[in-house]
Amino acid sequence: MSAPTVLSWKTAAVAHRTAKLGRKVLVCAPFGRDAESVAALLAKEGYEAAVCRDLTDVASRLDDAVGALLLTEEALAPDPAPLTAALDAQEPWSDVPIVLLATPRATAASWPTEAVRLRLPERLTNVIVLERPLGAVSLVSGVASALKARQKQFEIRELIEEQRRAAQALDAQVKERTADLEQALHRLRTEMAERARAEDHLRQAQKMEAVGQLTGGIAHDFNNMLTGVMGSLDIIRRRIASGRLDDIDRFMEAATASAQRAANLTQRLLAFSRRQALDPKPLDVNVLIRSLGDLIKRSIGENVALALDLSDRLPLIVADANQLENAIINLVINARDAMPDGGELTVSTRAADGDPAGRGAGAAARGLVAITITDTGVGMDETTLAQVFEPFFTTKPIGQGTGLGLSMVYGFATQSGGKAEIRSAPGRGTSVAIHLPASDAEKVETAPANGETPSFHGAGESVLVVEDEPAVRQLLREVLEELGYETVEASDGQSALPILSSNRKLNLMISDVGLPGINGRQLAEEARRHRPDLPILLVTGYAEPAAGRTGFLGASMSLITKPFTLEIVAAKVREMLAHGKDRPLA
Ligand SMILES: Nc1ncnc2c1ncn2[C@@H]1O[C@H](COP(=O)(O)OP(=O)(O)OP(=O)(O)O)[C@@H](O)[C@H]1O
Ligand SMILES: [Mg+2]
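What you are looking at is a predicted structure, and each value in this text was computed from that prediction instead of being measured.

Novice: Outline the site of ligand 1, listing residues and values.
Specialist: For ligand 1, the set of nearby residues contains 19 residues, the closest of which are N334, T394, T395, K396 and T402. T430 places a polar side-chain atom, nitrogen or oxygen, 3.1 Å from a nitrogen atom of ligand 1. Here ligand 1 loses 92% of its free accessible area of 590 Å² to cover by the protein chains. Those elements giving two or more residues to the shell around ligand 1 turn out to be α10 (321-338) and α13 (405-415).

Now the structure itself:
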């Protein structure tokens with residue numbers, strides 16, 4: 001072996017010889033002293049060589065610190081199994097290189113090393129075959145390239161390890177982030193739940209406040225009105241007792257006016273709760289507004305100019321004319337109050353689109369008509385605006401506003417199948433729109449002229465009065481008898497049934513709707529079973545929920561609402577009896 005050759009492979013081998021791992025070479029050469037002399041040679045070159053007895057010994061010592069195996073072909077001959085098993089057991093990155101010293105007889109072949117490879121067990125792939133005899137230089141250089149290849153494997157192992165660590169770090173980071181996010185989410189949920197609870201509390205508190213305001217407001221107003229009625233009645237009684245009948249009319253009028261105000265109040269309350277008995281009919285809004293013109297002008301006074309901006313291409317609408325007038329007057333008065341120094345009030349009508357909640361497709365197709373009352377007054381800030389539809393919300397001084405105007409307008413519009421909308425800004429005026437459903441009717445039904453009630457006397461027709469409230473029942477009986485009718489009374493539906501099924505002469509039944517047990521509507525049905533043509537007049541304090549007027553009333557049935565005046569009852573009874581006249585009595 002010549003020095004320069006040795007030097008050249010030495011330089012190439014420096015890296016793996018100084019490497020920490022993989023400098024160990026397991027040597028297995030069973031015959032003679034081959035193993036010891038190879039080991040000595042390798043040791044001299046700076047490698048760590050370990051002599052193994054056989055392949056089992058090699059297998060048992062094969063670990064990550066081993067850089068290469070140096071085997072003779074004879075060592076493989078008896079049974080390669082222990083070695084192949086050990087090779088199989090290596091980590092995926094590891095394939096320890098083997099330097100195989102071929103048996104000398106192989107040199108006879110023309111491609112001796114190839115012949116050796118063909119004889120090797122299949123598992124042995126990473127093999128450098130060296131022919132024998134061979135010089136020290138070839139041997140050392142073979143071992144050196146095996147160790148170099150092994151270093152590459154260590155590098156790969158390092159890379160894999162690094163990747164694993166990076167993946168782990170990433171995994172940990174992801175986990176940490178996920179945990180953070182989960183925590184944040186949890187916090188958010190808790191906060192949301194807390195907020196919802198707080199909002200619930202607030203809502204509840206606001207509701208209670210509204211209820212308190214409502215009951216307080218009603219009680220206050222009612223007390224005033226009752227004082228008016230009771231005080232007047234008291235004075236009347238004293239005057240009668242002392243025979244001073246001269247200006248008793250004044251007190252009767254005062255009592256009536258107070259009672260009328262109470263009736264208006266309940267009307268507004270029912271309107272707000274959307275339970276007033278509405279009498280929706282096709283009507284022309286423009287006609288209605290023009291007819292209100294004088295009243296509006298009188299309400300707004302001279303400082304405010306009135307402008308009517310009425311669209312002439314409007315369909316008829318379906319609404320209760322009285323309540324619509326009521327709503328418009330309420331809005332006009334609000335507008336006047338908002339313009340203490342004068343201004344302009346505009347009442348306009350427009351065909352509007354939009355599907356009001358709860359209406360069928362038909363109504364949506366027919367559309368809505370908007371009646372808008374606009375003023376140039378003080379306007380409202382957002383806080384006020386948010387509350388104006390609440391009952392008893394008012395910014396007016398005590399005694400000047402009940403706070404029921406807008407809530408009535410809102411309830412009326414909604415109950416009529418439309419909606420109410422309000423726009424306002426401080427200093428920029430206010431505009432309130434009532435949207436009401438258009439009618440498919442072509443023209444307005446003309447109601448039979450009522451005229452003023454001529455003095456009228458019945459001819460002993462028999463009227464069944466079903467009413468659970470004794471005072472009302474008595475009142476009805478007295479007025480009917482005064483008008484020349486005969487009356488039969490029942491305090492509820494149950495006791496009315498035998499009268500209906502008897503042979504007794506009956507020309508009319510008047511029944512309260514809100515009766516205990518069998519209600520007025522059910523009683524009407526029963527009555528019809530016995531007396532198919534009996535006219536029936538129902539009296540109600542408020543509209544039955546979900547019962548539209550048309551669906552609620554059958555043929556020859558009519559409805560009046562409490563509180564009623566005696567003139568109204570008289571006129572209605574007369575009208576119904578006149579209709580029933582042509583029919584044979586049951
Ligand atoms: N056109 C308007 N301009 C400015 N503020 C208004 C207008 N209309 C209503 N408001 C405000 O809304 C509140 C409630 O109005 P709403 O008509 O319900 O009750 P009210 O007018 O105070 O009393 P009521 O109508 O029962 O006599 C008013 O007190 C007022 O603050
Ligand atoms: Mg008002």
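Novice: Give me the lowdown on the sheet that holds strand β2 (residues 48-51), citing residues and values where you can.
Specialist: Spatially, five strands are ordered β2-β1-β3-β4-β5 in an open sheet, and the strand pairing comes out parallel. Of all strands in the sheet, those bounded by a partner on one side alone are β2 and β5 (127-130). Averaged over all neighbouring strand pairs, the angle between strand axes comes to 20°, with direction disregarded. The sheet contact formed by strand β1 (residues 24-28) and strand β3 (residues 66-72) spans five bridges and is parallel. Its bridge partner being in β3, K24 is matched across the sheet by V66. Its contacts with the sheet put helix α2 (residues 34-44) on β1, β2 and β3, and the angle it makes with β2 is roughly 170°. Packed onto the sheet, helix α7 (residues 136-241) meets β1, β3, β4 (98-101) and β5 and runs at close to 140° relative to β3.

Novice: Tell me about the nonpolar core, and name the residues and values.
Specialist: Of all hydrophobic cores here, the largest spans 40 residues; its most connected members are L324, I328 and L345. Here the element with the most residues in this core is α10; it accounts for seven residues. In this structure, L26, C28, L69 and L87 belong to the second largest nonpolar core, which totals 25 residues.

Novice: Can you break down the side chain of R528 residue by residue, with the values?
Specialist: Structurally, the position occupied by R528 is in helix α16 (residues 520-530). Nearest to the buried, unbridged R528 among oppositely charged side chains is D533, at 6.5 Å. A distance of 2.5 Å separates a polar side-chain atom of R528 from the backbone oxygen of L534.

Novice: Account for the packing of aromatic side chains, naming residues and giving values.
Specialist: With the rule as written, the count across this model stands at two aromatic pairs. Measuring from centroid to centroid gives 5.0 Å for F389 and Y410, while their planes differ by 35°, and the two rings are tilted. Here F389, found in the loop between α12 (382-387) and α13, pairs with Y410, found in helix α13; they are 21 residues apart in sequence, far enough to count as distant. By relative accessible area, which is 28% here, Y410 ends up partly exposed.

Novice: Any chance you could break down the packing of helix α9 (residues 285-300) against α10 for me, citing the residues and the numbers?
Specialist: Packing of α9 against α10 brings their axes to within 10 Å, and their N-to-C directions diverge by 40°. Classified by the interaxial angle, the pair formed by α9 and α10 is oblique. The handedness of the crossing between α9 and α10 is right-handed. Across from V285, L288, I289, L292, L295, I296, S299 and I300 in α9, the residues of α10 making contact are A321, L324, E325, I328, I329, V332 and R336.

Thresholds, definitions, all that
Residues numbered from 1 in each chain as written. Chains lettered and ligands numbered in written order. Predicted model: local features only at pLDDT ≥ 70, side-chain atom pairs only at ≥ 80, totals over all residues. Heavy atoms only, no water. Near = heavy atom within 4 Å. Polar contact = N/O pair within 3.5 Å; in protein donor to acceptor, adjacent residues only side chain to side chain. Areas by Shrake-Rupley, 256 points an atom, 1.4 Å probe, with all protein chains shown as cover. Helix = DSSP H or I, 4+ residues; strand = E, 2+ residues; numbered from the N terminus. Pairing = 2+ DSSP bridges. Axes fitted to C-alpha atoms, helices over the stretch in contact; angles between N-to-C directions. Contact = heavy atoms within 4.5 Å. Core = buried A, V, L, I, M, F, W, Y, C linked by side-chain atoms within 4.5 Å. Buried < 20%, exposed > 50% of the residue type's maximum accessible area, 1.4 Å probe, protein only. Lys, Arg positive; Asp, Glu negative; His and termini not counted. Salt bridge = Lys/Arg side-chain N within 4 Å of Asp/Glu carboxyl O. Phe/Tyr/Trp six-rings, centres within 6.5 Å; stacked < 30°, edge-to-face > 60°. Parallel < 35°, antiparallel > 145°, perpendicular 65-115°, else oblique. Left-handed = near helix turned anticlockwise from the far one by under 90°.

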